[in-house]
Amino acid sequence: MTLSKPLHRLHCLAPLRRGSLAAIVTLSLLSAQLGLNTARAEPAAGSRSHRIAHDLYHEAGRTGAPMARWARDLNGVRHVQAIVVSNAKDPELAELRRFVLKHGGSVLVRHPGINALTVMVKAGTLNALAQRKDVVSISPNRSMARTFSTLEQITGAAVNNAQGSVRIYSNKTSYNGLDGAGIGIAVLDSGVMKAHDAFLNGAGTASRVRKNVNMLNSTLSLWTAGVDGSTPSMAPGSTALIDYEKALNAATSLTQDPYGHGSHVAAVAAGRAKYFEASTPDTTGIAPGANIFDVRVLDDQGMGSMSDVLEAIQLVIHHAREYNIRVMNLSLAADSTESWQTDPLCIAVRNASAAGITVVVAAGNFGKSVSGQEVYGAISSPGHEPSVITVGSVNTKDTLGRVDDVVNFFSSRGPSRGTRLDASGARVVDNLLKPDLVAPGNKIIGAAATQASSSNPTWNALASANFASLVAPLAIPAIYPETQMMLSGTSVAAPVVAGAVALMLQANPGLTPPLIKAMLQYSAQPLPGANLLQQGAGYLNVPGAVALASVLRNDIAAAVEAGTLAPGAPLLLGGKSMPPTSSTINGQAFNWSRIVTAGGNRLLSGDALFTQYQPIWDPRLVWAGGTVQRRSVSYWPGGTGVPSNTFVSSITAAAAPNQALVMPGVVQATGLAGSSSWVGQTGAFIPSATLSAWLTAGSGSMLSQGLILSEGLILSEGLILSEGLILSEGLILSEGLILSEGLILSEGLILSESGRPQVNLAMDGSLVGEP
């Protein structure tokens, strides 16, 4: 480990729990380094009880004027307001209330829901109060300003606006609203440290990491002839499947995330701030009530194989309905030189989408060359798959407002550059519009995995190798299991969106993956100056997306699967109407982008996208360019102990039959963008804000006949395929633009996207962040 000597010595003391003396000394050292006033007097005789929160203890004993709003000197005596959690069987907490009054304090509020009191007591009473057997913990009555994490505020997950609030806090661990509860998020990464406090449930009593699976355990033989290592039959309840999953089980492993990337990613999507402690800063993720399914596919150096990832996706698909896994996050990168139609990883995530799982993928951190130039066309796999939500990264400039936010330079730009050969042997480039949208991904604080041992909580590899840049600047005490670190990259931006999807699904479990993607794009905030290939539709707007999800029918997915939802059928709930297409986050009002990408290189708009059923909302359909495929999902039959229509047995693909894709009334916006020119800022290079402003003003042509698939061709009123946003390679090259011909990773492996060096690309900012 690379901790400074004093912190290293303290960090290895056992046990390093919240109330340990080591933690107090660590906090004192950090406070001294920051120049804070650390002079203090003991609030009461004896050492501090582990039941008293750090910040309460220090403020209670500190000399000088109170620095916290919950502390005040009355007649020269320090008083504090505190929340006392009890385990008393008496719901009235009568004895505890008498004790407070007897010692000159006041009972301000009784909280029967959590068996607690808010009290005002003399600081000198705290230790005596903590010694009572009916007291579990004592925390300060902290200001509401500290209940929202940076991510919650910037994305709008915890702010009020005209469309309502996603979450409203009453204190740090109590809130009303959406938190992703009941929704499962599968994190395919380097592992998730189950014991970390970020993954506790709302009561702080159990982990929300429902499964820890290590796919690396499945590779039992490498480079050995004569061994059949194929995955056994996935028949539910079979001995072969039971033995196979037993071999993958990593629930009891002491080191579930040796690299550290996966735990941070999971915490960004669904982490909670430390349960009883002050968090500096608050590190709550987007969906702090969601369940997490850890599927480890990357080793202790952040590298993995395609085979393991494919196997992992298959496993998630198989169990998705059993555990209500509705979201899958892949913050990893593979070569993207192969077309989405043939890339195995793309096929796998497309299957997951067909099975009803919303797949969120990092765009890649390959937007900047070593010479400092902007690179287009370096979207990594599987981000170049048209079915997934591909997420780029935003630099929030360390402020809560969104006015100064910009797309990170390192964030991969589109278009996708996967290639294939046509029937005549000619090379065909996909050139799909990507990314789909952007989200915060610069210097984001979240859980830092350690070994799950209070006596030896060894840091993960990322934190150890980059301690000075990822951990030390935070000045957060390194207390097991509360360790934090900072990461940057599209790999961090992706789980922000994954958490937002969980909130949308909690609000409306009947949404389909392509409908969710369209809602996120339509409600996004277009950042000024950034084009479609840099930011997609725009910047994630959580309250807008949730508001849109909340007005639609909650049986859409079931009706689509059953084939009972006719094209053009109404989607709004009875009595509901479309929400206002504008939002306010942290005081900034903005119009929604009203941009939705479809068919890989087409732009659609208009409320009819959501008020009427569009056949492209069927997750079994995938459409890009002149190709439309349809997947069929089959399930194992039910039997003894096996529910029917639950476990996927197979997914097959074929050309889609003749059918409508988009219905009349939808606005076609492709023509507004014009031909693609980097110099002219048109076509794929048009600023998203410019296009959005035109659409908001009513521009664009309404489709009178929709878009229809007929005899293998996509026909439309006034739209010719060649007018789609397909890049002219000669024109781009002549304008001096650096165009990647598909991303080639130097290691030839699947990698974690956290600053790993690549040939001719500047990767440092994607690890430590950009200024």
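Residues numbered from 1 in each chain as written. Predicted model: local features only at pLDDT ≥ 70, side-chain atom pairs only at ≥ 80, totals over all residues. Heavy atoms only, no water.

A word on the confidence of the model for the protein chain. Of all residues in the protein chain, 82% attain a pLDDT of 70 or more, and the chain-wide mean is 83. Ignoring residues within four places in sequence, the model shows residues 142-147, a span with pLDDT below 50, making 20 contacts including any to other chains. A low-confidence stretch, residues 715-735 stays under pLDDT 50, and its non-local contacts, those more than four residues away or across chains, total 50 contacts. (pLDDT = per-residue confidence, 0-100. Contact = heavy atoms within 4.5 Å.)

All right, on to unusual backbone geometry then. Peptide bonds are mostly trans, and most non-glycine residues show a negative phi. Residue Pro382 follows Ser381 across a cis peptide bond; omega there is 5°. By the secondary structure assignment, Pro382 is in the loop between β15 (375-376) and β16 (389-395). The residue Lys397 is not glycine, and still its phi comes out positive at about 60°. Within the secondary structure, Lys397 sits in the loop between β16 and β17 (406-407). Judged by relative accessible area, Lys397 falls into the partly exposed class, the value being 34%. Notably, Asn586 is not glycine yet its phi reads approximately 55°, a positive angle. Its place among the elements puts Asn586 in the loop between β23 (582-585) and β24 (588-591). (Helix = DSSP H or I, 4+ residues; strand = E, 2+ residues; numbered from the N terminus. Buried < 20%, exposed > 50% of the residue type's maximum accessible area, 1.4 Å probe, protein only.)

Within this structure, the stated rule accounts for 16 salt bridges. As a salt-bridge pair, Glu59 and Arg62 come within 3.4 Å of each other at their nearest N and O atoms. What makes Arg62 buried here is its relative accessible area of 8%. Connected through shared salt-bridge partners, Glu59, Arg62, Asp73 and Arg78 make up one network. (Salt bridge = Lys/Arg side-chain N within 4 Å of Asp/Glu carboxyl O.)

Right, let's get into the side chain of Ser339. In this structure, Ser339 sits in the loop between β13 (332-333) and α10 (344-354). If near-sequence neighbours (up to four positions away) are discounted, Ser339 is found in contact with His384, Gly418, Thr419, Arg420 and Asp430.

Moving on: the packing of helix α13 (residues 490-507) against helix α14 (residues 513-522). In a pair of packed helices, the angle between the axes and the distance between the axes together describe the arrangement. Between α13 and α14, the least distance of the axes is 11 Å, while the angle of their chain directions is 110°. By the angle between their directions, the pair α13 and α14 is classed as roughly perpendicular. Crossing handedness for the pair α13 and α14: right-handed. Within the contact between the two elements, α13 uses Val497, Val501, Met504 and Leu505 and α14 uses Ile516, Met519 and Leu520. Per-class residue counts for the contact of α13 with α14 are seven nonpolar, no polar and no charged. (Axes fitted to C-alpha atoms, helices over the stretch in contact; angles between N-to-C directions. Parallel < 35°, antiparallel > 145°, perpendicular 65-115°, else oblique. Left-handed = near helix turned anticlockwise from the far one by under 90°. Nonpolar A, V, L, I, M, F, W, Y, C, P; charged D, E, K, R; others polar.)

The biggest cluster of nonpolar side chains holds 98 residues, and the ones touching the most others in it are Leu520, Phe610 and Trp617. Here the element with the most residues in this core is α13; it accounts for twelve residues. Those residues in contact with Phe610 that sit more than four places away from it in its chain are Leu515, Ala518, Met519, Tyr522, Leu548, Leu552, Leu571, Met578, Val596 and Trp617. Formed by 37 residues, the second largest nonpolar core is a distinct cluster that contains Met234, Val295, Val297 and Ala348. (Core = buried A, V, L, I, M, F, W, Y, C linked by side-chain atoms within 4.5 Å.)

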